[in-house]
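# Descriptive analysis of the structure
Below, each chain spelled out in residue letters.
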Amino acid sequence: MLDNEKVLLTDVTGRDGFQMEDWVETEDKISIINEIIAAGVKRIEATSFVSPKAVPQLKDAKEVIKHLNRENVSIMTLVPNVKGAEFALESDVDEVNVVVSVSETHNRKNVNKTVDESIEGIVEINRLMKTGGKKVNVGLATTFGCPFEGLYDVDRVTEVIKKLTAQGLDSFMLADTTGMANPLQITSFVKGVKADFPDADFSLHLHNTRGMGLANVIAGYDAGIRNFDASLGGIGGCPFAPGATGNVCLEDVAHMLYQMNIPMDPDLNQLITASKRLERLLGYKLPGQVMKAGLSTDLHQA
């Protein structure tokens, strides 16, 4: 049941979005992310300290972070290993995200490691980040199913979380990496993990691959989630999952919450302006709907 508790929208345009583009100029990345910050988004996954050979689209990570307007916003980066974590500490980010897949097959395709090997690496990263007083969030990729292994039940997810909580980690992002989740499944999984790990923090990272993204947001909200990832214009996806198109669209999610009187921080009109600018910058039609249709409260001349 909706209780009008405030939602935190985390923007992932800079990392999950721009990693899927051929190349976005550094100054354009900075400008777009700063527009998102100016619109009132309080948490940003700005980039990733991943190998430039693996993801050349984000080879300018340090430069991007250096020029962000960091007042009143928490800046995160994704880090794949200890070396990336060291770069994150050098850049003085507020938080880091690390990722492990629930699916063994997807994890091998993504990082060429078993799930347990990835967990060992996450523990090492967490140890390093604690020395700098930085928060570590664990993204559980393919939480709701894997295109290589199919659907599985929530026990598969809780097994991975249990291994991580045993190592002192307590912040988890449940990721629908390939857009396989449906609202009933979201409700069941979220209630299951929250019941099993009442002291942990959970967020949702949803994709709109099969058109259920916004419905899944509301299912997650009803089940108690108050932190959702989204990207401007709905850009992004997973380069290691067939057909995994973009994230849920930031301004579409914001519009839905606004219409439902659910409190949030960003200014919707500023987000729409930024999304239209991003579309011009990228040179193709973005998946976002509100940027095309306008607010549902907009009036037009008869």
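Since the structure is predicted, the reported quantities are computational estimates derived from the model, not experimental observations.

## A few points about helix α7 (residues 154–165)
- Helix length check: α7, at 12 residues, gives a terminal C-alpha distance of 16 Å against a target of 16 Å (1.5 Å per residue), a fit within 8%.
- Of the residues making up α7, those classed as buried are V154, V157, T158, V160, I161 and L164. The buried side chains of α7 occupy one side of the element, clustering within an arc of 160° when seen end-on. Facing away from the buried side of α7, by more than 90 degrees, are the exposed residues D155 and K162.
- Along its buried surface, α7 packs onto β4 (95–101), α6 (115–131), β5 (135–141), β6 (171–175), α8 (183–196) and β7 (201–205).

## Description of the layout of surface pockets
- When its volume is computed, the largest pocket comes out at roughly 860 Å³.
- Lining the largest pocket are 45 residues, with S48, V50, L78, P80 and N110 positioned closest to its centre.
- Only α1 (13–17), α3 (61–66), α4 (82–90), β4, α5 (104–111), α6, β5 and β6 provide two or more residues apiece to the lining of the largest pocket.
- Looking at which element gives the most residues to the lining of the largest pocket, the answer is α6, with five residues.
- In this structure, the second largest pocket occupies an estimated 230 Å³ of space.
- Forming the walls of the second largest pocket are 18 residues, and the residues nearest its centre are S171, D201, F202, S203 and N227.
- Within the residue set of the lining of the second largest pocket, elements represented by two or more residues are β5, β6, β7 and β8 (227–230).
- Here the lining of the second largest pocket is built from residues that sort into five nonpolar, seven polar and six charged.

## Considerations on the sheet that holds β5
- Strand order in the closed barrel formed by eight strands is β1-β2-β3-β4-β5-β6-β7-β8, and the pairing between neighbours is parallel. Between one strand axis and the next, the sheet turns through 30° on average, direction left out of account.
- As judged from the seven bridges shared by β4 and β5, these two strands associate in the parallel manner. The residue bridging V100 from the neighbouring strand is L140, located in β5.
- Docked against the sheet, α6 engages β4 and β5, running at close to 170° with respect to β4.

## As for the nonpolar core
- By size, the foremost hydrophobic cluster in this structure holds 88 residues, and its most contacted members are L140 and L164.
- The residues contacting L164, other than those within four sequence positions of it, are V100, I119, I122, V138, L140, L169 and F172.

## What to know about empty space enclosed by the protein
- Applying the stated criterion across every chain yields a total of one cavity of 30 Å³ or more.
- What lines the largest cavity is V7, L8, L9, V41, K42, D265 and P266.
- Looking at side-chain class alone, the lining of the largest cavity contains five nonpolar, no polar and two charged residues.

## Things to note about helix α2 (residues 26–38)
- For α2, built from 13 residues, the straight-helix expectation of 18 Å at 1.5 Å per residue is met to within 8% by its first-to-last C-alpha distance of 18 Å.
- Within the sequence span of α2, burial applies to T26, D28, K29, I30, I32, I33, N34, I36 and I37.
- Positioned one or two residues after α2, G40 has a phi angle of 110°, which is positive.

## Here we look at the side chain of S171
- One can find S171 in strand β6.
- Overall, S171 belongs to the buried group, its relative accessible area being 6%.
- Look past the residues within four positions of S171 in its chain and what remains in contact with it is K135, V136, N137, V138 and D201.

## Considerations on the side chain of T26
- Within the element layout of this structure, T26 appears in helix α2.
- Those residues within four positions of T26 in sequence are excluded, and the remaining contacts are D60, E63 and V64.

The rules behind these values
- Residues numbered from 1 in each chain as written.
- Predicted model: local features only at pLDDT ≥ 70, side-chain atom pairs only at ≥ 80, totals over all residues.
- Heavy atoms only, no water.
- Helix = DSSP H or I, 4+ residues; strand = E, 2+ residues; numbered from the N terminus.
- Expected span 1.5 Å × (residues − 1).
- Buried < 20%, exposed > 50% of the residue type's maximum accessible area, 1.4 Å probe, protein only.
- Arc of directions from axis to C-beta.
- Contact = heavy atoms within 4.5 Å.
- 1 Å grid on protein atoms, 1.4 Å probe; cavity = no way out; pocket = protein on both sides within 12 Å on 5 of 7 lines; lining within 4 Å.
- Points joined across faces, edges and corners; volume = space filled by probe spheres on them.
- Nonpolar A, V, L, I, M, F, W, Y, C, P; charged D, E, K, R; others polar.
- Pairing = 2+ DSSP bridges.
- Axes fitted to C-alpha atoms, helices over the stretch in contact; angles between N-to-C directions.
- Core = buried A, V, L, I, M, F, W, Y, C linked by side-chain atoms within 4.5 Å.

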